[in-house]
There are 2 protein chains.
Amino acid sequence: MRKLRVPAAAALASSTVENYLKQLYRQQRAGGGMVGMGQLASAMGVVPGTATSMAKSLAEAGLARYTPRNGVRLTAAGEQLALHVIRRHRLVELFLVKVLQLDWSVVDEEAERLEHAVSDRVLERMDALLDFPTADPHGDPIPSAHGRLHEPRRLSLANCPLGRPQTIARVLNQDRDFLQFVESEGLAPGAEVTVASRIVAAGAVKLQRRRRGELSLGLAAAAAMLVAPAKPARGEG
Amino acid sequence: MRKLRVPAAAALASSTVENYLKQLYRQQRAGGGMVGMGQLASAMGVVPGTATSMAKSLAEAGLARYTPRNGVRLTAAGEQLALHVIRRHRLVELFLVKVLQLDWSVVDEEAERLEHAVSDRVLERMDALLDFPTADPHGDPIPSAHGRLHEPRRLSLANCPLGRPQTIARVLNQDRDFLQFVESEGLAPGAEVTVASRIVAAGAVKLQRRRRGELSLGLAAAAAMLVAPAKPARGEG
DNA sequence: ATTTTTACTTTGAATAGTCAAAATAGCAAG
DNA sequence: CTTGCTATTTTGACTATTCAAAGTAAAAAT
């Protein structure tokens, strides 16, 4: 008799571990490779010693590689798990907005708690009910059930060409107030804007909106708004 | 300057504590008052020593009264918290059935995990989306947001009058196989049946269903099916 | 090169929740 | 009363996660 084959995603991680994985995944995306204990610690809101010991545990569990005084990096297994957590998070976010009508500025927060409690069974239902969406309300792509993630590289309002209409594709900053501002100014994903000018020295980006007139953004804010070249609408090309 | 007034339900309990409260609430309903450490322990699947120490913690937190060698009993505060947990559980169950189309035989299980992760904000939305329901898919009444619960005392298939049509009102046993059986035999809440006879010595209850003919149930199963006298349908009174 | 800084690791301790196993209380029989 | 049984309580230990604070290595600065 052969052993029962257990699904790949059967690895059970505590929600603490899930959060570390998620964070590590982000950081190693952003930072290119090894994540330092200092970064990890401050991102997780713990003291550095805690990050060190968690890094070791993850390594022991085969979810990460840890080199003292150098950093951690997820293994393939760790990355898969991270992607599953991210999938849960983003699907839940979209679900909360679409089905429960919550404001997009709060769903990140809510999903943070729910992502650890949603079973595969429930997740599949949400996925189906939402008609297998590919992005969450902030424009963040949703990993597939198999842990595959396609992140198109995009320009932002801070570095896209001037004078050409752009569609807001993704908002990187999940801060509540920021999102509320973005929404109130009509800059949610899907909105169309043109960057009129940039004064880098002053750190300001001047936008031209479709029917709302001008708006100035700080450079940091502009960099958090990813865009895609707008499809020329009928009668405009 | 006066202190900010914090909402009553602000007490934060770990999910472990929430589970103990829920369990305690049930047991002291069923058993009349004090709950013994043995009962609590076996209901929670822990050793008696663990129950003792948790009982003490609950007492320290003001959620229960604990008398050594006698038992625990929830305080008013503990009962309120328990009712909030039960509200979350039951609302989530109904949501899973109605919105996510999960089978009622599995929602108890799922709600067990979600009930600790659903915020008030999310819960209110579910409540509204479900149009403020008063019972979950098993017929269990849903406590109000203020922690009030109305449990009509009901007869069961094991003790209701013979020969009179009854409507299934509530199924007390949440066991997956049992629920699947109940459903497949057309005995879900809302169904109408008549108890034809009871042979107590043999522990058997014979039912007459609307258009499905006879069915025999064990006494334990019958006792788990609560009923209400059926409203005489038009043309039958 | 030697010092200083910064980042990291280690160590010791705390909390929540748990178990195993030893100690004990209360009661039931004799 | 004394023995025994059962339910309960205690004690000691263990895991996961965390912090504070002391120790250390590598990099930066002089």
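This text goes with the structure placed above it.
The notes below deal with the structure included here. Residue positions are given per chain, counting from 1 as you read along its sequence in written order. Chains and ligands are labelled sequentially in the order written, the chains with letters from A and the ligands with numbers from 1. pLDDT decides what is reported in this predicted model: residues at 70 or higher carry local features, side-chain atom pairs at 80 or more are listed and counted, and totals for whole chains, interfaces and linings draw on all residues regardless. Just so you know, side-chain values use all the structure's heavy atoms and leave hydrogens and water out.

## Looking at the interface of chain B and chain A
Stage number 1. Whether two residues are in contact is decided by their heavy atoms: any pair within 4.5 Å suffices. On the side of chain A, 21 residues touch chain B, which itself brings 21 residues to the contact.
Stage number 2. Two parts lose some accessible area (1.4 Å probe) when they are put together, and adding that loss for both gives the buried area. Interface area, chain B with chain A, both sides summed: about 1,800 Å², of which 59% is carbon and sulfur.
Stage number 3. By the criterion of area lost to chain A, the three top residues of chain B are Leu100(B), Arg121(B) and Arg125(B), representing 32% of everything that side buries.
Stage number 4. Any Lys or Arg side-chain nitrogen located within 4 Å of an Asp or Glu carboxyl oxygen qualifies as a salt bridge. Viewed at the interface, chain A and chain B are joined by 4 salt bridges.
Stage number 5. As a salt-bridge pair, Glu109(A) and Arg121(B) come within 3.3 Å of each other at their nearest N and O atoms.

## Digging into the nonpolar core
Stage number 1. Among the nonpolar cores identified, the biggest contains 38 residues, and Phe95(A) and Phe95(B) are the most heavily contacted of them.
Stage number 2. Helical segments are the DSSP runs of H or I of at least four residues, strand segments are the runs of E of at least two, and each set is numbered from the N terminus. Of all the secondary structure elements, the ones that give two or more residues to this core are helix H4 (76–98), helix H5 (107–114) and helix H6 (120–129) of chain A together with helix H4 (76–98), helix H5 (107–114) and helix H6 (120–129) of chain B.
Stage number 3. Ignoring any residue separated from it by four or fewer positions in sequence, one finds Phe95(A) in contact with Leu100(A), Met126(A), Leu129(A), Leu130(A), Phe95(B), Val99(B) and Leu100(B). Throughout, nonpolar core names a set of buried Ala, Val, Leu, Ile, Met, Phe, Trp, Tyr and Cys residues whose side chains join them through atoms within 4.5 Å. With a 1.4 Å probe rolled over the protein chains alone, any residue whose accessible area is under 20% of its type maximum counts as buried; one over 50% counts as exposed, and the rest are partly exposed.

## Let's talk about the side chain of Gln166(A)
Stage number 1. Along the chain, the position of Gln166(A) falls in strand E4 (residues 165–171).
Stage number 2. Here Gln166(A) is in contact with Cys160(A), Pro161(A), Ala191(A), Glu192(A), Val193(A), Val227(A), Ala228(A), Pro229(A) and Ala230(A), once residues within four sequence places are set aside.

## As for H6(A)
Stage number 1. Those residues of H6(A) that sit buried are Val122(A), Leu123(A), Met126(A) and Asp127(A). Projected down its long axis, H6(A) carries its buried residues within an arc of 140°, all on one side.
Stage number 2. Summarising the contacts, the buried residues of H6(A) are in contact with H4 of chain A together with H4 and H5 of chain B.
Stage number 3. Phi turns positive, to about 65°, at Asp131(A), one or two residues after H6(A). Directions from the helix axis toward the C-beta atoms define the arc.

## A word on the side chain of Arg87(B)
Residues and elements named next belong to chain B.
Stage number 1. With respect to the secondary-structure elements, Arg87 resides in helix H4.
Stage number 2. Arg87 gets classed as buried once you look at its relative accessible area, which sits at 5%.
Stage number 3. Apart from residues lying up to four places away in sequence, Arg87 is in contact with Leu123, Glu124, Asp127, Ile142, Pro143, Ser144 and Ala145.

## Focus: the protein's contact with DNA strand D
Stage number 1. If a single non-hydrogen atom of a residue is within 4 Å of a molecule or strand, that residue counts as near it. By nearness alone, 20 residues border DNA strand D, and Ser14(A), Gly38(B), Lys56(B), Tyr66(B) and Arg69(B) come closest of all.
Stage number 2. The sugar-phosphate share of atoms of DNA strand D within 4 Å of the protein amounts to 77%.
Stage number 3. The term polar contact refers here to a pair of N or O atoms within 3.5 Å; inside protein, the definition further demands a hydrogen-donor-capable atom paired with an acceptor-capable atom, and it admits residues adjacent in sequence only when both atoms are side-chain atoms. The separation between a phosphate oxygen of DNA strand D and a polar main-chain atom of Gly38(B) is 2.8 Å.
Stage number 4. The set of elements that each furnish at least two residues to the surface near DNA strand D consists of helix H1 (15–31) and helix H3 (48–60) of chain A together with helix H2 (37–44) and helix H3 (48–60) of chain B.
Stage number 5. In terms of residue count, H3(B) provides more of the surface near DNA strand D than any other element does, 4 residues in total.

## Re the environment of Glu124(A)
Residue and element names in this part refer to chain A.
Stage number 1. For Glu124, the position within the fold is in helix H6.
Stage number 2. For Glu124, a relative accessible area of 38% translates into the label partly exposed.
Stage number 3. Each C-alpha atom of the pair Glu124 and Gly62 lies 27 Å from the other, and the pair is 62 residues apart in sequence.

Coordinates in, geometry out; function isn't part of it.
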